[in-house]
Amino acid sequence: MLLDPPPVDRDTARELARRELEKPIYQRDKPSWLERTLNRFAEWLQELFSHAQTPNAKGGGASGWISVGVIILILIVAVALVFWLMRGGRNRRSKDEALLDDEPSTSSDHRTEAERLAAAGEWPGAIRERLRAMARDLEERAILSPRPGRTADELATEAGIALPELAGDLRTVVRIFDDVWYGDRPGSAEEYARVTAVDDRLRATKPKSLDDAELLTADGWSSRW
């Protein structure tokens, strides 16, 4: 003989339902806090746009113009944030972090390592090693004095003064280096080829030293006399 279940009052039924809904099987598809926050933000933006579309509507003019102003402010902040991430935020470490390690190395060492990384398709590391090769090459040829802690930006500035015909190319190389090493971009064979081309030009370039200028002047005077 089956007995009827005892009657359940409203509070007990509510508690039983709450316990049932708290089981993991019901929570699995529940949106995360981030998803809920983004959904609320999207709804808020949608409401702003709906007010902004009719700023001169009867009874809603003030709120409509406020919505337009808020949207413009959001856009300005977003553009400023993107600009900061692409410029200031990206280059912060390139302005502070030394390009070369304290361990002894040669330009040949860095070029060999760059070619090895390039063959493996590891473009950020290859571009970095190629730029390091340029720094060592400039020091080995006494175009720049060895200085611990020299950053990539400082390298471009100092080398651009010693080799003004390569100043623009050096800034381009450092910009590529910033993008792939600090900006988390994957890099490419084309970018590595551009850096390599500048390195090749750098190796073939001789600075106009004071001795050369004096020799040229002496030759000029001797030819005149």
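Residues numbered from 1 in each chain as written. Predicted model: local features only at pLDDT ≥ 70, side-chain atom pairs only at ≥ 80, totals over all residues. Heavy atoms only, no water.

Enquirer: Help me understand the overall build of the protein, please; the structure alone is not making it clear to me.
Expert: The helix and strand tally for the protein stands at 10 helices and zero strands. When the 225 residues of the protein are sorted by exposure, 30% land in the buried category. Of the contacts made within the protein by residues no fewer than 6 positions apart, 62% connect residues no fewer than 24 positions apart. Summed over its atoms, the accessible surface of the protein is roughly 15900 Å², and 60% of this surface lies on carbon and sulfur atoms. (Helix = DSSP H or I, 4+ residues; strand = E, 2+ residues; numbered from the N terminus. Buried < 20%, exposed > 50% of the residue type's maximum accessible area, 1.4 Å probe, protein only. Contact = heavy atoms within 4.5 Å. Areas by Shrake-Rupley, 256 points an atom, 1.4 Å probe, with all protein chains shown as cover.)

Enquirer: Is there a simple way to explain the packing of helix α8 (residues 167-182) against helix α9 (residues 189-204) in this structure?
Expert: Helices that pack against each other are described as a pair by the angle of their axes relative to one another and the distance between those axes. Their axes nearest at 10 Å, the elements α8 and α9 cross at an angle of 145°. Where α8 crosses over α9, the handedness of that crossing is left-handed. On α9, the residues touching Asp 169, Leu 170, Thr 172, Val 173, Ile 176 and Val 180 of α8 are Glu 191, Arg 194, Val 195, Val 198 and Arg 201. (Axes fitted to C-alpha atoms, helices over the stretch in contact; angles between N-to-C directions. Left-handed = near helix turned anticlockwise from the far one by under 90°.)

Enquirer: Hey, could you run me through the nonpolar core in this one?
Expert: Across soluble globular proteins, you tend to see nonpolar side chains buried next to one another. By size, the foremost hydrophobic cluster in this structure holds 31 residues, and its most contacted members are Leu 131, Met 134 and Leu 138. Breaking this core down by element, the ones donating at least two residues are α5 (107-119), α6 (123-140), α7 (152-162), α8 and α9. (Core = buried A, V, L, I, M, F, W, Y, C linked by side-chain atoms within 4.5 Å.)

Enquirer: Help me out: how do you make sense of the packing of α5 against α9 in this one?
Expert: In the contact formed by α5 and α9, the axes pass within 12 Å of each other and the chain directions differ by 160°. One way to sum up the angle between α5 and α9 is to call them roughly antiparallel. The element α5 and its partner α9 pack so that their crossing is left-handed. On α9, the residues that touch Arg 111, Ala 114, Glu 115 and Ala 118 of α5 are Tyr 192, Asp 199 and Arg 203. For the contact of α5 with α9, the class distribution of residues is three nonpolar, no polar and four charged. (Parallel < 35°, antiparallel > 145°, perpendicular 65-115°, else oblique. Nonpolar A, V, L, I, M, F, W, Y, C, P; charged D, E, K, R; others polar.)

Enquirer: Help me understand the side chain of Arg 111 in this model?
Expert: Within the secondary structure, Arg 111 is located in helix α5. Classification of Arg 111 as buried rests on a relative accessible area of 10%. With sequence-adjacent residues up to four places away left out, Arg 111 is seen in contact with Arg 130, Ala 133, Asp 137, Asp 199 and Arg 203.

Enquirer: Looking at this model, I keep getting lost on the pattern of salt bridges. Mind explaining?
Expert: Think of it this way: side chains of opposite charge can pair up when their charged atoms draw near. Counted according to the given criterion, the structure contains 17 salt bridges. Note that Arg 132 and Asp 101 form a salt bridge whose closest N and O atoms lie 3.3 Å from each other. Of this pair, Arg 132 sits in helix α6 while Asp 101 sits in the loop between α4 (61-96) and α5; the two residues are 31 residues apart in sequence, bridging distant segments of the chain. Exposure remark for Arg 132: the relative accessible area of 6% places this residue in the buried category. A salt bridge links Glu 129 to Arg 132; the nearest nitrogen and oxygen atoms lie 3.1 Å apart. Taken as a pair, Glu 129 and Arg 132 lie in helix α6 at a separation of three residues, close to a single helical turn. (Salt bridge = Lys/Arg side-chain N within 4 Å of Asp/Glu carboxyl O.)

Distances and angles like these do not, on their own, reveal function.
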